[in-house]
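Structural overview
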Amino acid sequence: MHYSIITKFRSHKTSQLAIVADDGFYAGRRDAALVECWKHGAVADVSVLMNGGVVRSSTTPATSVLLNYCMQEAALPDLHINLSEGEPLSAKGSISSLLEDGTGLFYGKANLRRNLQTVHLRHVEIEIERLIIKFEKLFGVSPLRVDGHQRCHVLPGIVEVLCRLLPRHSVSWIRSPEEVVLKQRDSQVLFSRMNLVGIDTNSLRFLPVLLILS
C-alpha cells in the first residue's frame, strides 16, 4: 500500500491537504485493508486501478469490498493509471509497444523506463482512455483526480499524453510527485506549455502536488 501527501495549490496558497492510499482494486485483501483505513479516517481518499485484478473482468466488480464501500458511501475514488504492471485493458495488439514480447504483460517499473523511447504515445493514449472509460462506466462519472502506478504518469511523453487527454474527460487534477526522470527545469517548461496554472513549481522538490489543468 502506498501513501502520498497531496497538496492543492491555487495562487501559490495551500488550500487542501489529504492522505491518499493507492492501488485500490489490485487485490481483494488489499481492498479490505483500504476500506478499513478509509472507514477509520486513516486516509482521506483512495485511488483505484481499473486494470487491476479485482475489476479487470466483467464478473468480479460485484464482489469487490472496496467498490461496494464506494457505492454505499457515495465516495468517488481517484483513478490510478497503470501502464507498468500486469495486464492491460486494451487488446494487446493495439498497444504492443507497452508490453513485453511473449508475455503480453506490461514491462514493469524499471523496464518501462528503460524502453520508454520505443513506446508509441498513441498506445499510451489508447490504454489510458480505456482506463478512464471503464472508470466512468463503473462509477457513472469521470474521476476528479488522476495519478499513476509506480509514478508512470510523470514519465516523459506519458505526462504530455495525460495533459492532452484528461481535459476531454473533464478531469481537472493530476498528481505531480517529485520524480528523478522529471527534472524541475523540464517540469517548468512542460507546465508552461500545457497551460497549468496557479502552481509553485519549486514545491516539487519537497511535496507531491496536484496540478490544476486549465
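Owing to the predicted nature of the structure, the values given are computational and were not obtained by experimental measurement. (Residues numbered from 1 in each chain as written. Predicted model: local features only at pLDDT ≥ 70, side-chain atom pairs only at ≥ 80, totals over all residues. Heavy atoms only, no water.)

**Some words on the nonpolar core**
Under the convention used in this document: Here the nonpolar core consists of buried residues drawn from Ala, Val, Leu, Ile, Met, Phe, Trp, Tyr and Cys, with membership extended through side-chain atoms lying within 4.5 Å. Here the term buried applies to any residue with accessible area under 20% of the maximum for its type, exposed to any over 50%, and partly exposed to those in between, with areas from a 1.4 Å probe on protein chains only. The numbering of helices and of strands both runs from the N terminus, where a helix is a DSSP run of H or I of at least 4 residues and a strand a run of E of at least 2. In this description, contact between two residues means that some pair of their heavy atoms is separated by no more than 4.5 Å.
Within the largest apolar cluster, 45 residues are counted, with the highest numbers of intra-cluster contacts made by Phe-25, Leu-66, Ile-81, Leu-98 and Ile-128. The set of elements that each furnish at least two residues to this core consists of α1 (28-39), β3 (45-48), α2 (65-73), β4 (78-81), α4 (121-139) and α5 (158-165). Considering each element in turn, this core owes the most residues, six residues, to α4. Discounting chain neighbours no more than four positions away, the residues touching Ile-128 are Ile-81, Leu-83, Val-161, Leu-162 and Leu-165.

**Overview of the packing of α4 against α5**
Stated formally: Here an axis means a line fitted to C-alpha atoms, over the contact stretch when the element is a helix, while the angle between two N-to-C directions is reported on a 0 to 180 degree scale. An angle below 35 degrees is read as roughly parallel, one above 145 as roughly antiparallel, one from 65 to 115 as roughly perpendicular, and any other as oblique. The handedness criterion is simple: a crossing whose near helix is rotated anticlockwise from the far helix by less than a right angle is left-handed, and one whose near helix is rotated clockwise is right-handed. Any residue outside Ala, Val, Leu, Ile, Met, Phe, Trp, Tyr, Cys, Pro, Asp, Glu, Lys and Arg is labelled polar, Gly included; the first ten of those are nonpolar and the last four are charged.
As a packed pair, α4 and α5 sit with axes 10 Å apart at the nearest point and diverge in direction by 50°. The orientation of α4 relative to α5 falls into the category oblique. As α4 runs across α5, the sense of the crossing is right-handed. In this structure, α4 contributes Leu-121, Val-124, Glu-125, Ile-128, Glu-129 and Ile-132 to the contact, and α5 contributes Ile-158, Val-161, Leu-162, Arg-164 and Leu-165. In terms of residue class, the contact of α4 with α5 is built from eight nonpolar, no polar and three charged.

**Quick look at the pairing of β4**
Looking down a regular strand, the side chains alternate between one sheet face and the other. Worth spelling out the cut-off: Only when DSSP finds a minimum of two bridges between them are two strands counted as paired.
Residues of β4 alternate between two faces, with Asp-78 and His-80 on one and Leu-79 and Ile-81 on the opposite face, all of them buried. As judged from the two bridges shared by β3 and β4, these two strands associate in the parallel manner. Bridged to Val-48 within β4 is Leu-79. The pairing of β4 with strand β5 (residues 145-148) spans three bridges and is parallel. Opposite His-80, over in β5, you have Asp-147 as the bridge partner.

**Comments concerning the packing of aromatic side chains**
Cut-off, in case you're wondering: Ring pairs shown here join Phe, Tyr and Trp side chains whose ring centres sit within 6.5 Å, with only the six-membered ring taken for Trp; geometry is labelled stacked below 30 degrees between planes, edge-to-face above 60, and tilted in between. Think of it as a cone above the ring: NZ of Lys or CZ of Arg counts as a charge over the ring if it is within 6 Å of the ring centre and within 35 degrees of the ring normal.
As enumerated under the stated definition, the model contains two aromatic pairs in all. Seen in terms of ring centroids, Phe-135 and Phe-139 are 4.6 Å apart; in terms of plane orientation they differ by 40°. Their pairing is tilted. In this pair, Phe-135 and Phe-139 are both assigned in helix α4, four residues apart and thus about one turn of the helix distant. Taking the relative accessible area as the measure of exposure, Phe-135 reaches 0% and is therefore buried. Lying over the aromatic face of Tyr-26, Arg-30 brings its terminal NZ or CZ to 4.4 Å of the ring centre.

**Comments concerning α4**
For clarity, the cut-off: A helix is expected to span 1.5 Å multiplied by its residue count minus one.
If you check α4, its first and last C-alpha atoms are 27 Å apart, about what 19 residues at 1.5 Å a residue would give, namely 27 Å. All of the buried residues in α4 are His-123, Val-124, Glu-125, Glu-127, Ile-128, Leu-131, Ile-132, Lys-134, Phe-135 and Phe-139. Residues of α4 that are buried sit in contact with β3, α2, β4 and α5. Backbone geometry just downstream of α4 places Gly-140 in the positive-phi region, at approximately 85°.

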